[in-house]
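Results of the structural survey
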Amino acid sequence: MKRKKKSIYPLYALIPALVIYTIFSVVPIAISLLLSFTDWNMNRLFTPVFTGLANYAELLQDPVFLRSIGNTFLFAFATTILKTGIGFILALALVKKVAARGILRTIYYAPCVISITVVGVLFKSILANRGLLNNVLSGIGLEGLTRDWLGSYGTAIGSVIFVEVWMWAGFNMFIFISGLQAISADYYESATLDGASAYDKFRHITLPLIVPSMTVVVTLSIAGGLKVFDIIYVITNGGPGFDTQVLATYTYQSFSLGFLGESTAGSVILAVIVVIISFAMNRYFTKREVEM
Amino acid sequence: MRNRKWIALMLAGVMSLSLIACGGNAAEPSVEPAQEEAGAETEADESSAKETSGEKVELTGMVQQSRWYSGLQNMVDRLAEQENIYIEFEVIPDDQYDNLMKMRLNSHEAPDLIVYQFADLFAGVNPEEFFVPLDDEAWMSKVQAPELTEYNGKHYGYCFEASNGFQGLIYNKDVFEANDITELPKTLDEFYAVCDKLKAADIVPIAIPLDTWVPQIWMTSGMSRALGTVDACEDFADKILTNQAKFNDYPEMAAVVDEYLDLFEKGYVNEDFMTVSYDEILGRLASGEIAMIYGATEILTSIEESYPEANLTIFNPPVGYDDKDVLAYLPTAMGIAVNKDTENLDTIKKVFDLWSTPEYGDLYFQSRPGFPNIEGVNGNEEAMNPDIPKIYNEYMSEGRVVAQMNQYIDMLQPLFGNTLWVYFLEAPSKGNMDGAAVMERFQEDVDKFMKEKGAEGWN
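Remember, it's a predicted structure, so these values are computed and weren't measured experimentally. Within each chain, residue numbers correspond to sequence positions counted from 1 in written order. By the order in which they are written, chains take letters starting at A while ligands take numbers starting at 1. Residue-level local features of this predicted model are given only where pLDDT is at least 70; pairs of side-chain atoms are given and counted only at 80 or more, and the full residue set underlies all totals for whole chains, interfaces and linings. Side-chain measures were taken over the full set of non-hydrogen atoms in the model, leaving aside hydrogen atoms and water.

1. Some words on the overall build of chain B
Each helix corresponds to a stretch of at least 4 residues labelled H or I by DSSP, and each strand to a stretch of at least 2 residues labelled E; elements are numbered beginning at the N terminus. Tallying secondary structure elements over chain B gives 19 helices and 15 strands in all. Exposure classes here rest on a 1.4 Å probe applied to the protein chains alone. A residue is buried below 20% of its type maximum, exposed above 50%, and partly exposed in between. Across the 459 residues in chain B, those meeting the buried criterion constitute 54%. Note on definitions: a residue-residue contact is assigned when non-hydrogen atoms from the two residues lie within 4.5 Å. Considering only residue pairs separated by 6 or more positions, chain B has 77% of its internal contacts joining residues 24 or more positions apart. Method for areas: the Shrake-Rupley scheme with a 1.4 Å probe, in which residue coverage is limited to the protein chains shown. Of the accessible surface of chain B, which amounts to about 20,000 Å², a share of 49% is contributed by carbon and sulfur atoms.

Quick look at the structure:
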């Protein structure tokens, strides 16, 4: 006889969460989608007119918007690779019983709890033309390397990528450490008995079993990178000129001009990109997860 | 088991109800107009009753960070001490102010008092829709520059100052004297000679920060000076704003930008202009490391307040496109508009009555001398840099003044900080645009903006 599967909680318990989610997420998303097809702006706040794909067409013809898409991808992929790689290396180093392990973990983790505004002020002064970095470089005889770090595209985008990695690599380190600690020592002992080298153990035990943590880290990093706003806003404000504009800052600027329909269309494009890429990455890594 | 189900159901019900209750405000607009009016009257009565009883009254306001002057703070403090009227001003970063203000006004969630630059305010929001006209107030008869707050024949604000003065180059007198520059330049060549002399002495002649509102002063002043007269400026603005002409139909516009770009090419401007902050520039000016910055008289007053030891003053620089030697002035001033939705109108009117007396009004100018808008208020002119009234009166008396260009085309105000002013820094940084290219690019922004706005001449 087939036994009826009992759930621990009744379905009614979902109602509050569903109501909240619907009101604060589903409804705004649906409204945004609709408004992105209108000429909604500050002067027609309550009387937007349907304009079809005009906002999307306008955006896709704007060189600053296209550049901001490029910058968004550059930022998202560069920071994801670096945050994941550095976080993983730090985790491998600090999961072992090394001296001052607790202090080092705290130090690496600390940047992500600092307010982004403070980080912005801090790095703006470090990277300024007369800032700490250039002074240090001059002090050690490397005047040739000094430059106005936020004054040109290459160094400005490189600087914000560096700051983002500095902030979040320690956070990723902790996710990886918890993943590494969940791997049973038995696997390594068996492998040692079988004569496996350190590289073999890493390649065939650690890497496959850390994939669930990798899935979390990469999904969070790529989604966070694609919708980046704060770090760009506080450090370069999209400059020099419009060089380091990303999708979120472009959308914000469009909103500032009162182009609410266009700004909403920009947000929809950003949301679609974030969903597609995050979903694809998540699926890719989930397929490679191994049961422990 | 059955109990659990009931508890779960009840919890779900309570949470859903609390959510509906939280959203209760959304239903408020459905109140019948008559009821609404009656409610407003009751609230006004309550505010009035509180006043007469000397009970504590609280008002709300919003102000830009850069306009949160100590003088205004002193007026607010005294009001609390003497009248038990408290104004809670929300201090908002300048770059977020416009949006917040418009959104809050449009959604009827704005505070009682909106502090802004008049008459620029009217370019952003329609005063007839959002603000209370104050024509019937007693202090209006003492107002020196009523045109600042006027819109369609009514006056929608209380302005502290009658004018923000004029634009020019603020310079460090000690630096000029130390380099034997005893005469101010009168022609463009003389001006370049001064810059060369300063540069040779390892002093940066002109400093520009990354704050885009600073370099734009050169252009907003220059464009009006290039056109030369108020009539020419008004005619220009009328054609530009109705799509009868393009910016590049007036070669003077590009010439102004080109002359500004020449300063960079000649090496007169600090190299770190894309990253150095305005505050740091002021420190350099006060210390004598740099000689001049673009500015205006109100900026000079603020710098003198921050650096009382520095020997600074201002002059109208000679330019190649203005042979009449015209001065660009600022027919604008900081003031306060009253939100139409306020429930404390009587209290606000009392506040303005008090502020228009010397007892309160003088406080505004104690640390920042200026030109008071209310007759009888002491602008503390004796503490003002003597060159300010001297230059102002000289040009005014001869009629050689034009308002800055931003005033004439203030309908385009939202574009200034977001596009045009950015181009003014991008062009010298990348060397990718001359004056005509800058104006061409801005024209595209104007076309798009005006089409969006549904402006006459674009649709």
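Past the structure itself, the notes keep going.
2. Some points on the domain arrangement of chain B
Residues and elements named next belong to chain B. Segmentation into domains, and thus their bounds, comes from an automatic or database assignment. With domains assigned, chain B is organised as domain 1 (55–164 + 332–377) and domain 2 (167–329 + 390–453). Each of domain 1 and domain 2 has a C-alpha centre, and the two are 29 Å apart. Contact residues are listed per partner, giving 16 residues for domain 1 and 11 residues for domain 2. Carbon and sulfur atoms supply 38% of the area that domain 1 and domain 2 bury against each other, a total of about 1,100 Å² over both sides. The largest share of the area that domain 1 buries against domain 2 comes from Ala 123, Asn 164 and Arg 368, three residues that together contribute 40% of it. Any Lys or Arg side-chain nitrogen found within 4 Å of a carboxyl oxygen on Asp or Glu counts as a salt bridge. Summed over the shared surface of domain 1 and domain 2, the result is two salt bridges. Arg 368 is the salt-bridge partner of Glu 298, the closest N and O atoms lying 3.9 Å from each other. Here a polar contact means two N or O atoms within 3.5 Å. Within protein one must be a hydrogen donor candidate and the other an acceptor candidate, and residues neighboring in sequence count only if both atoms are side-chain atoms. If you look at where domain 1 meets domain 2, you find three residue pairs in polar contact (both at pLDDT 80 or more). Lys, Arg, Asp and Glu make up the charged group, whereas Ala, Val, Leu, Ile, Met, Phe, Trp, Tyr, Cys and Pro make up the nonpolar group; the residues left over, Gly among them, are polar. Of the residues in the side of domain 1 that touches domain 2, the class split is six nonpolar, six polar and four charged. By convention, the term buried area covers the 1.4 Å-probe accessible surface removed from two parts as they join, with the contributions of both added.

3. Concerning the pairing of strand β2 (residues 85–92) of chain B
Residue and element names in this part refer to chain B. Here a strand pair is declared whenever DSSP counts at least two bridges between the two strands. Bridge count for strand β1 (residues 57–64) against β2 is eight bridges, and the pairing is parallel. Note that in β2 the partner of Glu 58 across the bridge is Tyr 86. Viewed with both strands pointing away, a crossover whose connecting path from the first strand over the helix to the second turns clockwise is right-handed. As for the winding sense of the linkage, the β-α-β connection from β1 through helix α3 (residues 70–83) to β2 is right-handed.

4. Examining the side chain of His 155 of chain B
Residues and elements named next belong to chain B. Mapping His 155 onto the fold places it in strand β5 (residues 154–155). A residue is classified by how much of its surface remains accessible, and His 155, at 12% relative accessible area, is buried. Among the polar contacts made by the side chain of His 155, one reaches the side chain of Asp 135 at a distance of 2.8 Å. The residues touching His 155, leaving out its near neighbours within four places in the chain, are Val 132, Pro 133, Leu 134, Asp 135, Met 140, Pro 146, Thr 149 and Glu 150.

5. Focus: unusual backbone geometry
Only a minority of non-glycine residues have a phi that is not negative, and only a minority of peptide bonds are not trans. Following Gly 239 of chain A, the chain continues into Pro 240 of chain A via a peptide bond in cis, with omega recorded as 0 degrees. With a phi angle near 60 degrees, Asn 84 of chain B is a residue other than glycine that sits in the positive phi range. Take Asn 84 of chain B: it is sitting in the loop between α3 and β2. On the accessibility criterion, Asn 84 of chain B (25% relative accessible area) is partly exposed.

6. Observations regarding the confidence of the model for chain B
Confidence scores labelled pLDDT are given residue by residue by the predictor and lie between 0 and 100. For chain B, the mean per-residue pLDDT works out to 87, and 88% of the residues sit at or above 70. In the predicted structure, residues 14–43 of chain B sits below a pLDDT of 50 and forms eight contacts with residues beyond four places in sequence or in another chain.

7. A look at the environment of Val 163 of chain A
Residue and element names in this part refer to chain A. Structurally, Val 163 can be placed in helix α7 (residues 153–181). Looking at Val 163, the relative accessible area reads 0%, which means it is buried. Considering only alpha carbons, one finds Val 163 and Gly 85, 78 residues apart in sequence, at a separation of 15 Å.

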